Amino acid sequence: MLTTVSVFFILVTFPFTAWICIKVVQEYERAVIFRLGRVVKGQAKGPGVFWIIPWLDVIRKVDMRTVHYDMPPQEVLVMDWVPLTVDAVLFYRVKRVLDGTLATHTLALTPVETPGSELVCHRALDLRGVFAVLLSSTGVQEWVTFWVHLNRLYPVCSATSLDGMLHREFVCLVGLLLLCEGQGQGSAASEPCDDFTDLDLTHCLLGTSLYVRLLLYTRSNPRCGRELSHQHPSSEPLFNLSRPTAFVIHGYRPTGAAPVWIDLLVRLLAEQEDLNVIVVDWNRGAANLNYFIAVANTGHAAHNLTAFIVNMQEEGASLDAVHLIGVSLGAHLAGFVGANLKGKIGRITGLDPAGPMFTSATEAERLDPSDAMFVDVLHTDMDSFGLNGAHGHIDYYANGGADQPGCPKTIFSGKSYFVCDHQRSVFLFLCSLNRTCSLTGYPCASYSDFLDGRCLQCEAFKPAPCPVLGYDVSRWKDTLLGLGQTKAFFSTTATLPYRKASYRVDMVTWNQYLRWGAVYIRLYNGRNFTETRIDHKPFRFEQYTTTRLLAQFDEDVHPVQKVSMRIAIGNVMGPRYKIRLLRIRLIPLDRPERPALCRYDIIMEENMDVMFRPLPCDAHL
């Protein structure tokens, strides 16, 4: 019935629906279509063009090229009762599309565990030569060569015949890395991992009732979650209540799938310091097509999590060592928990708090600064799914808090059009944790003032620099608490590492006539260059006036050997007036250790590039 109605709707709205119904797969890909959770009968689609029903069908593309899979570490118990950690990389190529990827990953782990269990670890470590072992397991004949050096055991495995396994055909090359660990320590059989609840569209259509699971990750189990008891948190041996604890709280899940970023966020948090990372899995409750039900469930989930934190406190945990990290709807859930605990939680980080149903909410009905001892918020989608305004002790506004670079601008891009801006908050936070980007926020009244270069000093934070988005806020926390609420702005690039190279540009003009225009600047280092256009508004150039600009480049070129500059007036037909610059100075904002770049007495024509070599700045000018 749904299929018939959907086809009728597509025909009625044709050709507008054609843009979202047509899909293309490349020559090296095949596509499997799932309709309401079931595989559509027939062969896999592709290569070429085919049709789908977008609100009923889910496409899973399969790469037919040789790809690799990093197997998670496996612990096996060798014959002398020493634990052996097995790591591996699998290379495989799918020849027939029958959901073989999962089968390959599962199959690859089986022969990895088998050879380790047949070794005597201390005997292997005594060897200082090369030996070969012929293995026979699950019908696969493999030669494994081991090189033993000191306390490390390196094997290289080549699996050449896997035909017929699970009725799927693959060609595999497997490279293995085995490490002997824990000499003299006993080990019990490893427990199964508790994974995030993974639902599908069928669950969302039918609706889900709230059920909260708490999955613990530490440096001892960064990839294998352990579900905690709500009543007795300390019953899990890996849960150390004397360590800081970070809770990761996801938001609304309209498809029921697990967040793509959850595993990486857990791992990066564990790398910051030795802490407990607890994933608050309320997917049953958040996975509903009816958004209003998910919103209503946030309050119930907050009471559930509050009771758990109270139990933690009774067993010895400190509330000021608790950090709640909430994404979208999860940010408000974190705020409710903080309010239930009278604001005694150490910190709440809100990643683009949800806007729908919270725009006109009171402070008690959404995240606000009183919910924790310190609240920091990142905004990326205020004009759609994110919440407008300031809701923390410091609010970061990436690219003004809306319309992120690189995100689709039209609905024809499909799902990405709706989620890209909103999800960018998570990826920016991940980037800051990974230390691949340093995103400096400049306290300012508005984004336009920031782009005009009016607030680049950060005097209130000295001797510390301007606040930087990320996990460690110790250098700015006390100052921010004293200031009350602070708005901080920064701009990013469209892709990783997101960071822009920022310069403050001061120009002193001496032209006879008043001119208005945009500024184009290009920095050179040999053949490499980067360019920026400062054209968000026309700038005023008049006699003996200092004009301050903010120049932001997508790439960091250093050292700068040449500078090219152009003032575009927009007057194409009329005469070209000359503009005289008594001085131009470029000051690196993110690299205070680098010297400022200057040039004196430059005469340039409108709409014409002028190139010059920068000089060291005179300290007296």
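A few points on the structure. (Residues numbered from 1 in each chain as written. Predicted model: local features only at pLDDT ≥ 70, side-chain atom pairs only at ≥ 80, totals over all residues. Heavy atoms only, no water.)

### Remarks on the state of the cysteines
So, point 1. Counted according to the given criterion, the structure contains six disulfides.
So, point 2. Residue cysteine 407 pairs covalently with cysteine 420 via a disulfide, S to S 2.0 Å. What sets the handedness of the cysteine 407 and cysteine 420 disulfide is the S-S torsion sign, and at about -70 degrees it is left-handed. Taken as a pair, cysteine 407 in the loop between strand E19 (394-398) and helix H10 (415-433) and cysteine 420 in helix H10 lie far apart in primary sequence, 13 residues in all.
So, point 3. Between the sulfur atoms of cysteine 598 and its disulfide partner cysteine 617 the distance amounts to 1.8 Å. (Disulfide = S-S within 2.5 Å. Helix = DSSP H or I, 4+ residues; strand = E, 2+ residues; numbered from the N terminus.)

### Some details on unusual backbone geometry
So, point 1. In this structure, the amide linkage connecting leucine 496 to the following residue, proline 497, adopts the cis form with an omega of 5 degrees.
So, point 2. Mapped onto the fold, proline 497 is located in the loop between strand E21 (486-490) and strand E22 (501-509).
So, point 3. A cis amide bond, omega -5 degrees, links histidine 558 with the succeeding residue proline 559.
So, point 4. Positive phi outside glycine occurs at aspartate 403, with the angle close to 50 degrees.
So, point 5. Of note, aspartate 403 is situated in the loop between E19 and H10.
So, point 6. Judged by relative accessible area, aspartate 403 falls into the partly exposed class, the value being 45%.
So, point 7. If you check the backbone angles, aspartate 601 has positive phi at about 55 degrees while not being a glycine.
So, point 8. Mapped onto the elements of the fold, aspartate 601 is located in strand E28 (residues 597-605). (Buried < 20%, exposed > 50% of the residue type's maximum accessible area, 1.4 Å probe, protein only.)

### Some thoughts on the packing of aromatic side chains
So, point 1. For the coordinates displayed, the defined rule picks out 12 aromatic pairs.
So, point 2. Measuring from centroid to centroid gives 6.4 Å for phenylalanine 239 and phenylalanine 308, while their planes differ by 15 degrees, and the two rings are stacked. You can see phenylalanine 239 sitting in the loop between strand E13 (226-227) and strand E14 (245-249) and its partner phenylalanine 308 sitting in helix H8 (residues 291-314), a full 69 residues away along the chain.
So, point 3. Classification of phenylalanine 308 by relative accessible area gives buried; the value is 0%.
So, point 4. Taking 5.7 Å as the distance between ring centres and 85 degrees as the angle between the ring planes, the aromatic pair formed by tyrosine 503 and phenylalanine 553 counts as edge-to-face. Of the two residues, tyrosine 503 is situated in strand E22 and phenylalanine 553 in strand E25 (residues 545-553); the sequence distance between them amounts to 50 residues.
So, point 5. Following the ring pairs from residue to residue traces out a cluster consisting of Tyr397, Tyr442, Tyr447, Phe450 and Phe489.
So, point 6. Seen from the ring of tyrosine 524, lysine 562 lies directly overhead, with NZ or CZ sitting 5.7 Å from the centre.
So, point 7. Between the NZ or CZ atom of arginine 566 and the centre of the ring of tyrosine 520, over which it lies, the distance is 4.3 Å. (Phe/Tyr/Trp six-rings, centres within 6.5 Å; stacked < 30°, edge-to-face > 60°. Lys NZ or Arg CZ within 6 Å of the ring centre and 35° of its normal.)

### As for the packing of H8 against helix H9 (residues 329-340)
So, point 1. Where H8 meets H9, the axes come as close as 8 Å, and the angle between the chain directions of the two elements is 40 degrees. As judged from the angle between their axes, H8 and H9 are oblique. Crossing handedness for the pair H8 and H9: right-handed. For the pair H8 and H9, the contacting residues are Tyr291, Ala294, Val295, Thr298, Gly299, Ala301, Ala302, His303, Leu305, Thr306 and Ile309 in the first and Leu329, Leu333, Phe336, Val337 and Asn340 in the second.
So, point 2. Tallied by class, residues from the contact of H8 with H9 come to 11 nonpolar, five polar and no charged. (Axes fitted to C-alpha atoms, helices over the stretch in contact; angles between N-to-C directions. Parallel < 35°, antiparallel > 145°, perpendicular 65-115°, else oblique. Left-handed = near helix turned anticlockwise from the far one by under 90°. Contact = heavy atoms within 4.5 Å. Nonpolar A, V, L, I, M, F, W, Y, C, P; charged D, E, K, R; others polar.)

### Describing the sheet that holds strand E29 (residues 610-612)
So, point 1. In spatial order, the strands read E24-E23-E26-E29; together these four strands make up an open sheet with antiparallel pairing. Since the sheet does not close on itself, it has two edges, and those belong to strand E24 (528-541) and E29, each with one partner. The mean inter-strand angle of the sheet, taken between neighbouring strand axes irrespective of direction, is 20 degrees. (Pairing = 2+ DSSP bridges.)

### Concerning the sheet that holds E28
So, point 1. Spatially, E25-E22-E27-E28-E30 is the arrangement adopted by the five strands of the open sheet, whose pairing is antiparallel. Every other strand in the sheet has two partners, leaving E25 and strand E30 (615-616) as the edge strands with one partner each.
So, point 2. Pairing between E22 and E25: nine bridges, direction antiparallel. Across the sheet, threonine 509 pairs through a bridge with threonine 545, a residue of E25.

### Topic: H8
So, point 1. For H8, spanning 24 residues, the distance from its first C-alpha to its last is 35 Å, which sits close to the expected 34 Å at 1.5 Å a residue.
So, point 2. Approximately 25 degrees is the largest bend angle found in H8, and it occurs at threonine 298.
So, point 3. Of the residues that open H8, the one with a side-chain oxygen 3.0 Å from the backbone nitrogen of phenylalanine 292 is asparagine 290.
So, point 4. A positive backbone phi angle near 120 degrees is found at glycine 316, which sits one or two residues after H8. (Expected span 1.5 Å × (residues − 1). Bend = angle between axes of the 7 residues up to and from the residue. Polar contact = N/O pair within 3.5 Å; in protein donor to acceptor, adjacent residues only side chain to side chain.)

### Describing the packing of helix H6 (residues 262-272) against H10
So, point 1. As a packed pair, H6 and H10 sit with axes 10 Å apart at the nearest point and diverge in direction by 30 degrees. One way to sum up the angle between H6 and H10 is to call them roughly parallel. Here the hand of the crossing between H6 and H10 comes out left-handed. Contacts between H6 and H10 involve Leu264, Leu265, Leu268, Leu269 and Gln272 on the former and, on the latter, Phe429, Leu430 and Leu433.

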